[in-house]
Amino acid sequence: MNSPSPTLPVVVIGGGVVGSALLYTLAHRGVDAVLLEAESALGLAASGTNSGVLHTGFDSTPGELETELILRAARIRPAILDALGVPVIHCGAELVPHTDEDAETVAALTAGATANGVQVEIRESDGALLVPGESVSDPVAFTAALAASAVAAGARVELDARVAALTPGEDAIVVETTDGPSIRAAAVVNAAGLHADDVARLIGDDSFEIYPRKGEFFVFELPDGATLDRIILPVPTKRTKGVLVFPTLDGRVIAGPTAVDLDDKDDWTVRAEARDEILAKAVAQFPALDGLEPIASYAGLRPAGRGSNYVIGSSEKDARLINVAAIRSTGLTASLGIADHVAELLPAIGIEVGPLQPPTPTAPVPVASTPWWRRTAEHRGVLPGAVAGEDQPS
Ligand SMILES: Cc1cc2nc3c(=O)[nH]c(=O)nc-3n(C[C@H](O)[C@H](O)[C@H](O)COP(=O)(O)OP(=O)(O)OC[C@H]3O[C@@H](n4cnc5c(N)ncnc54)[C@H](O)[C@@H]3O)c2cc1C
């Protein structure tokens, strides 16, 4: 009879930025772990199709877990990104009020920012709220660098490894992928983004539901090599942070996103009507876009919880499965804070966790031949360079 394979302390399911930050943190806190990613590369879902903004938490609701983890990440992230050579544009953001209601919102945001300990300023000339700490990164390079540093510290990443079954046993949960061998794990962390509810259901946990909230973007090139020197944020409404305009590391300008609730977790297309929805708002905020044709469009699917947000903790069906789900809008920013928080949940289920060690150096982040904002669209078969309404698959 074959003896059972050894039990690994932790299996992480999902190689988005949250799973990659978890793997990074575990590897640098002395916990042996493997990450299983269904796709052929990391960061091809929400983590590769977002705005790339590293939020300060100036507009996050004081006291919520999401806010706490954004602020926690802010304390850890700069040194790690710096050591790993992840590029960041430290450009700051501005929100310009246009109505009395906007001015009231800016006043409320200022109070919230102060409660969160985030530095903001009011520009006297127009009452604009300035947030110097807001920055923009390359979310794919960010995700890849965390995973690479984890691997250099001894962790493993398995691609094309879709988790299809979880079988709880006395000493371990057996994790089975569609093609590979099964792995025995003392703990499993479910960071499967849009599919985190499907993964939780593998052990009968149907306590939360994830649906896609689509966000569509348009990419521009300014004439004469001009760039944008800041993030332009709209004054937000209750439902959405609205359409922002921001610079990318490759010198482009992006406007978006929309917020469209869907059921289909595989619909990565850009709707024809998105162009008008975005462009009017973007031009109002940044008139230099007026008359420019976008060079590309892409869509991301936020892993939104139905009636929930930041679902983080042991499953009610088996404490050894830790769900890290419904990380809808701020996961890039908060990922390292989320990971630190999850690491602290592990001792309660018998896994020893050490203090966080400095990052393990890796080769410098290579300059990708395809900019991150084009990569996922290409992978999903949404034509590169396609602009909504032209050449999009139906
Ligand atoms: C339009 C938009 C704009 C955004 N803007 C920002 C922003 O500016 N700043 C910010 O901080 N955040 C932003 N976000 C939010 C951020 O992108 C998400 O919070 C974050 O990417 C979630 O990461 P994740 O790892 O949980 O999920 P994902 O990135 O979706 O990763 C989950 C991974 O799990 C894998 N997976 C699924 N099922 C299985 C399985 N059975 N087995 C193995 N692997 C599996 C998937 O293939 C995927 O790679 C935005 C999101 C969107 C969509």
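Before any of the text, the structure's been laid out above.
This structure is a prediction, so every number in the text was calculated from the model and none was measured.

1. Thoughts on helix H2 (residues 65-84)
Given 3.6 residues to a turn, an α-helix orients residues that are three or four positions apart in the same direction. Its 20 residues place the ends of H2 27 Å apart at the C-alpha level, agreeing with the 28 Å of an ideal helix rising 1.5 Å per residue. In the structure, H2 departs most strongly from a straight axis at Ile76, where the bend amounts to approximately 40° and where the proline Pro78 lies between one and four residues downstream. Along H2, the residues that are buried comprise Glu66, Thr67, Leu69, Ile70, Leu71, Arg72, Ala73, Ile76, Arg77, Ile80, Leu81 and Leu84.

2. Details of the packing of helix H1 (residues 17-27) against helix H4 (residues 139-152)
Here H1 crosses H4 at 30°, and the two axes come no closer than 8 Å. If you check the angle between H1 and H4, you find them roughly parallel. The interaxial crossing formed by H1 with H4 has left-handed handedness. Along the contact surface, H1 presents Val17, Ser20, Ala21, Leu23, Tyr24 and Ala27, while H4 presents Phe142, Thr143, Leu146, Ala147, Ser149 and Ala150. When its residues are assigned to classes, the contact of H1 with H4 shows nine nonpolar, three polar and no charged.

3. Quick notes on the pairing of strand E19 (residues 311-314)
Pairing analysis gives four bridges linking E19 to strand E20 (residues 321-325), with the strands arranged antiparallel. Paired with Ser314 across the strands is Ile322, a residue of E20. Connecting E19 to the next strand, E20, in antiparallel fashion are six residues.

4. Looking at the site of the ligand
Around the ligand sit 40 residues, and of these Glu37, Ser47, Val53, Ile327 and Thr333 come closest. Separating an oxygen atom of the ligand from a backbone N or O atom of Ala46 is a distance of 3.3 Å. Between the ligand and Ser47, the relevant distance is 2.5 Å, taken from an oxygen atom to a side-chain nitrogen or oxygen of the residue. Considering the ligand on its own, with 1000 Å² of exposed area, one finds that the protein chains cover 97% of that surface. Elements with a contribution of two residues or more to the shell around the ligand: H1, strand E13 (210-220), strand E18 (296-305) and helix H7 (331-343). Of the residues that constitute the shell around the ligand, the class distribution is 18 nonpolar, 17 polar and five charged.

5. Considering unusual backbone geometry
With an omega of 0°, the peptide bond between Gly256 and Pro257 qualifies as cis. Structurally, the position occupied by Pro257 is in the loop between strand E16 (253-256) and strand E17 (260-261). Phi angles above zero are rare outside glycine, and Ala326 is one such case at about 60°. Turning to its location among the elements, Ala326 is positioned in the loop between E20 and H7.

6. A word on the pattern of salt bridges
It is possible for side chains bearing opposite charge to pair when their charged atoms get close. Going through the model one piece at a time under the given rule, you end up with 24 salt bridges. Of the charged contacts, one joins Glu94 and Arg123 as a salt bridge, the two residues approaching to 3.1 Å between their closest N and O atoms. With Glu94 in strand E5 (residues 93-95) and Arg123 in the loop between strand E6 (121-122) and strand E7 (129-131), this pair connects stretches of sequence that are 29 residues apart. For Glu94, a relative accessible area of 10% puts it in the buried group. For Arg320, the salt bridge goes to Asp318, with nearest N and O atoms at 2.8 Å. Look at the salt bridges and you will find they share partners, linking Glu94, Arg123, Asp126, Asp229 and Arg230 into a network.

7. Considering the sheet that holds strand E8 (residues 135-137)
The strand order across the open sheet formed by three strands is E3-E8-E4, and the pairing between neighbours is antiparallel. For this open sheet the edge positions go to strand E3 (53-54) and strand E4 (88-89), each flanked by a neighbour on one side alone. Pairing geometry for E3 and E8, over two bridges, is antiparallel. Within E8, the residue paired with Val53 across the bridge is Val136.

What counts and how
Residues numbered from 1 in each chain as written. Predicted model: local features only at pLDDT ≥ 70, side-chain atom pairs only at ≥ 80, totals over all residues. Heavy atoms only, no water. Helix = DSSP H or I, 4+ residues; strand = E, 2+ residues; numbered from the N terminus. Expected span 1.5 Å × (residues − 1). Bend = angle between axes of the 7 residues up to and from the residue. Buried < 20%, exposed > 50% of the residue type's maximum accessible area, 1.4 Å probe, protein only. Axes fitted to C-alpha atoms, helices over the stretch in contact; angles between N-to-C directions. Parallel < 35°, antiparallel > 145°, perpendicular 65-115°, else oblique. Left-handed = near helix turned anticlockwise from the far one by under 90°. Contact = heavy atoms within 4.5 Å. Nonpolar A, V, L, I, M, F, W, Y, C, P; charged D, E, K, R; others polar. Pairing = 2+ DSSP bridges. Near = heavy atom within 4 Å. Polar contact = N/O pair within 3.5 Å; in protein donor to acceptor, adjacent residues only side chain to side chain. Areas by Shrake-Rupley, 256 points an atom, 1.4 Å probe, with all protein chains shown as cover. Salt bridge = Lys/Arg side-chain N within 4 Å of Asp/Glu carboxyl O.

Honestly, that's just the spatial picture; any functional story needs more than this.
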